[in-house]
Amino acid sequence: MQLLYYGVELPQKLASLSRMERAQYGELWLSELSCLVDLQSIIEPAVVWLQDTVQPANEYQFYVSEILYSYEGRWKIRNVDLRHQHPSEYIIIPNPAPSNIPILKLMLDIYYDDFGTFRNVYHSLGGIYLQFCNMPLQLRKQLRNHFVLSFVPFGGEFDDTMKPIVNEIKMLEKGVLMNINGQDVWIIAGLGVITADLPQGNDLADTKRHGGKKGCRSCLVSKEQLTDISFDIKFNARYHHLTNQKINELRELMQQRASQKTIDEYCTEHSLRKHPSILNNLTWNRHLQTPQDSYHAIAGKLQRLMECTFSMLKPNGEVAFLDHWKNLEIPSSWCRLPNPIKHRNSFMFSDCMRLVMIMPFLLR
């Protein structure tokens, strides 16, 4: 449970006179801190209205208009509109809610990935898949529970393919009455997480690709600071509402018919795409709901490490390396890789990871 603070519990520097007056009328402060609550300790429910949500139809006992959090040992208070919401909170139950009809919330997980359709010639075809977050993990892992939504043809655009799908999700956000096994049920659904490879994920988060000056979709780290361990990620994080402001400013520049150079410089400075993602038509948080693709990120670093290692070998070193590589015993389930020095650029990520696992033994 997230902790709520009474006015008398606020840090002394933040306990202003106006806040103390509001506390007398039922205002509480929402904290980022959480705790486990024993079920035996629960006395009774209390109705608390978070003012960034729809006001309850019935009377409420408390309300929250500000959030309280600690940053570098200092307490901060911000408007409740800036809190990080869980995706299920985006789904708003209609007011008034349908009487005597069960209300079910669904969270939609969308996957997007490109794959080659031919063995020897690469023509990428994009696959868009759907899963329901409400399923237990064991069911989500089963192939039959991965639903194909559509394919992005070679040379096509993700936004064009997703347009009818986004329109349907927008309808589900408002709620749809369905009859399931003879019973009327009010179905409300929203976007939970959208997963994609590293470059496509940046596109969906309205961020320039990872080769850009600030190519991270989670923070504003520059290329020069990628290896700086003291870089403050939290302070330099990307936030959805701030990115929205930048996108609105970019849209104004386009409406004012600014020069292409001005627009390009603005996009480079803030590392934004010129054309925002179609997913912005949905209720979501682009930076929290497009998780980083750790598999591709790690494999890319391993490829770079391999490239640096092989570039240092002299001709006699390459011969010695290949000799040890051919004679090293590897697990029987591994396929025999081609020459890693000459053909490493054609290795798949899984091949790179296997080679890096045995690299210390080969070098030793």
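Residues numbered from 1 in each chain as written. Predicted model: local features only at pLDDT ≥ 70, side-chain atom pairs only at ≥ 80, totals over all residues. Heavy atoms only, no water.

Draft legend 1. Main features of the overall build of the protein. The helix and strand inventory of the protein stands at ten helices and ten strands. For 364 residues, the compact-globule estimate of 2.2 N^0.38 gives 21 Å, and the C-alpha radius of gyration of the protein, at 26 Å, exceeds that figure by more than 25%. For the protein, the spread of C-alpha atoms along the principal axes amounts to about 80 × 60 × 60 Å. Expressed as a percentage of its 364 residues, the buried residues of the protein come to 34%. Contacts spanning at least 24 positions in sequence make up 56% of the contacts within the protein whose residues lie at least 6 apart. Of the roughly 23700 Å² of accessible surface on the protein, a fraction of 55% belongs to carbon and sulfur atoms. (Helix = DSSP H or I, 4+ residues; strand = E, 2+ residues; numbered from the N terminus. Rg over C-alpha atoms; globule rule 2.2 N^0.38 Å. Buried < 20%, exposed > 50% of the residue type's maximum accessible area, 1.4 Å probe, protein only. Contact = heavy atoms within 4.5 Å. Areas by Shrake-Rupley, 256 points an atom, 1.4 Å probe, with all protein chains shown as cover.)

Draft legend 2. Representation of the pairing of strand β2 (residues 27–34). The pairing of strand β1 (residues 2–5) with β2 spans three bridges and is antiparallel. When the bridges of β2 are listed, L4 appears paired with L30. (Pairing = 2+ DSSP bridges.)

Draft legend 3. Broad picture of unusual backbone geometry. Phi is positive for N181, which is not a glycine, with a value near 55 degrees. With respect to the helices and strands, N181 occurs in the loop between β9 (176–180) and β10 (183–196). When its relative accessible area of 81% is taken as the criterion, N181 is described as exposed. Residues other than glycine seldom take positive phi values, yet R257 does so here, at roughly 55 degrees. We classify R257 as exposed; its relative accessible area is 76%.

Draft legend 4. Structural view of the packing of helix α9 (residues 315–327) against helix α10 (residues 349–363). Here α9 crosses α10 at 115 degrees, and the two axes come no closer than 10 Å. When you trace α9 past α10, the crossing you get is right-handed. On α10, the residues touching F321, H324 and W325 of α9 are L355, M359, L362 and L363. Considered class by class, the residues forming the contact of α9 with α10 number six nonpolar, one polar and no charged. (Axes fitted to C-alpha atoms, helices over the stretch in contact; angles between N-to-C directions. Left-handed = near helix turned anticlockwise from the far one by under 90°. Nonpolar A, V, L, I, M, F, W, Y, C, P; charged D, E, K, R; others polar.)

Draft legend 5. Just the nonpolar core, in detail. If you look at the biggest cluster of nonpolar residues, it comprises 20 residues, and the most contacted ones within it are I110, I128, F158, M162, I194 and L279. Listed by contribution, the elements that provide at least two residues to this core are β6 (103–116), β7 (124–132), α4 (158–174) and β10. When residues no more than four places from it in sequence are discounted, the contact partners of I128 are I110, Y111, Y112, F147, V148, L149, S150, V152, F158, T161 and M162. Counting 16 residues, the second largest nonpolar core, distinct from the first, contains F321, F347, C352 and L362. (Core = buried A, V, L, I, M, F, W, Y, C linked by side-chain atoms within 4.5 Å.)

Draft legend 6. Representation of empty space enclosed by the protein within the structure. For the structure shown, the criterion picks out one cavity of 30 Å³ or more. Size it by volume and the largest cavity reaches roughly 70 Å³. Lining the largest cavity are W325, L328, I330, W334, C335, R336, L337, R354, L355 and I358. In terms of residues, the lining of the largest cavity owes the most to one element, α10, which gives three residues. (1 Å grid on protein atoms, 1.4 Å probe; cavity = no way out; pocket = protein on both sides within 12 Å on 5 of 7 lines; lining within 4 Å. Points joined across faces, edges and corners; volume = space filled by probe spheres on them.)

Draft legend 7. Looking closely at the pattern of salt bridges. This model, assessed by the stated rule, comprises nine salt bridges. Between E66 and R19 there is a salt bridge, with the nearest N and O atoms lying 3.0 Å from each other. Placement of E66 in strand β4 (residues 62–71) and of R19 in helix α1 (residues 17–23) is noted, with a sequence separation of 47 residues between them. Summarising the burial analysis for this pair, E66 and R19 share the class buried. Ionic contacts of the salt-bridge type, sharing partners, join the residues R19, R22, E27 and E66 into one network. (Salt bridge = Lys/Arg side-chain N within 4 Å of Asp/Glu carboxyl O.)

Draft legend 8. Broad picture of a nonpolar patch on the surface. On the surface, M1, V37, L39 and I42 cluster together to form a nonpolar patch covering roughly 460 Å² of accessible area. Locating V37 in the fold gives a position in the loop between β2 and β3 (48–50). For V37, a relative accessible area of 43% translates into the label partly exposed. (Patch = residues over 30% accessible without salt bridge, like charges linked within 9 Å, V, L, I, M, F, W, Y side chains within 5 Å.)

Draft legend 9. Local environment of the packing of aromatic side chains. By the definition in use, this model includes six aromatic pairs. A ring pair is formed by Y295 and F349, whose centres lie 6.0 Å apart and whose planes are at 70 degrees; its orientation type is edge-to-face. Taken as a pair, Y295 in helix α8 (residues 294–311) and F349 in helix α10 lie far apart in primary sequence, 54 residues in all. What makes F349 partly exposed here is its relative accessible area of 23%. Ring centres 5.2 Å apart and planes at 80 degrees place the aromatic pair F310 and F321 in the edge-to-face group. Of this pair, F310 sits in helix α8 while F321 sits in helix α9, and the two are eleven residues apart along the sequence. Taking relative accessible area as the criterion, F310 reaches 4% and is therefore assigned buried. Judged by its relative accessible area of 4%, F321 falls in the buried class. (Phe/Tyr/Trp six-rings, centres within 6.5 Å; stacked < 30°, edge-to-face > 60°.)

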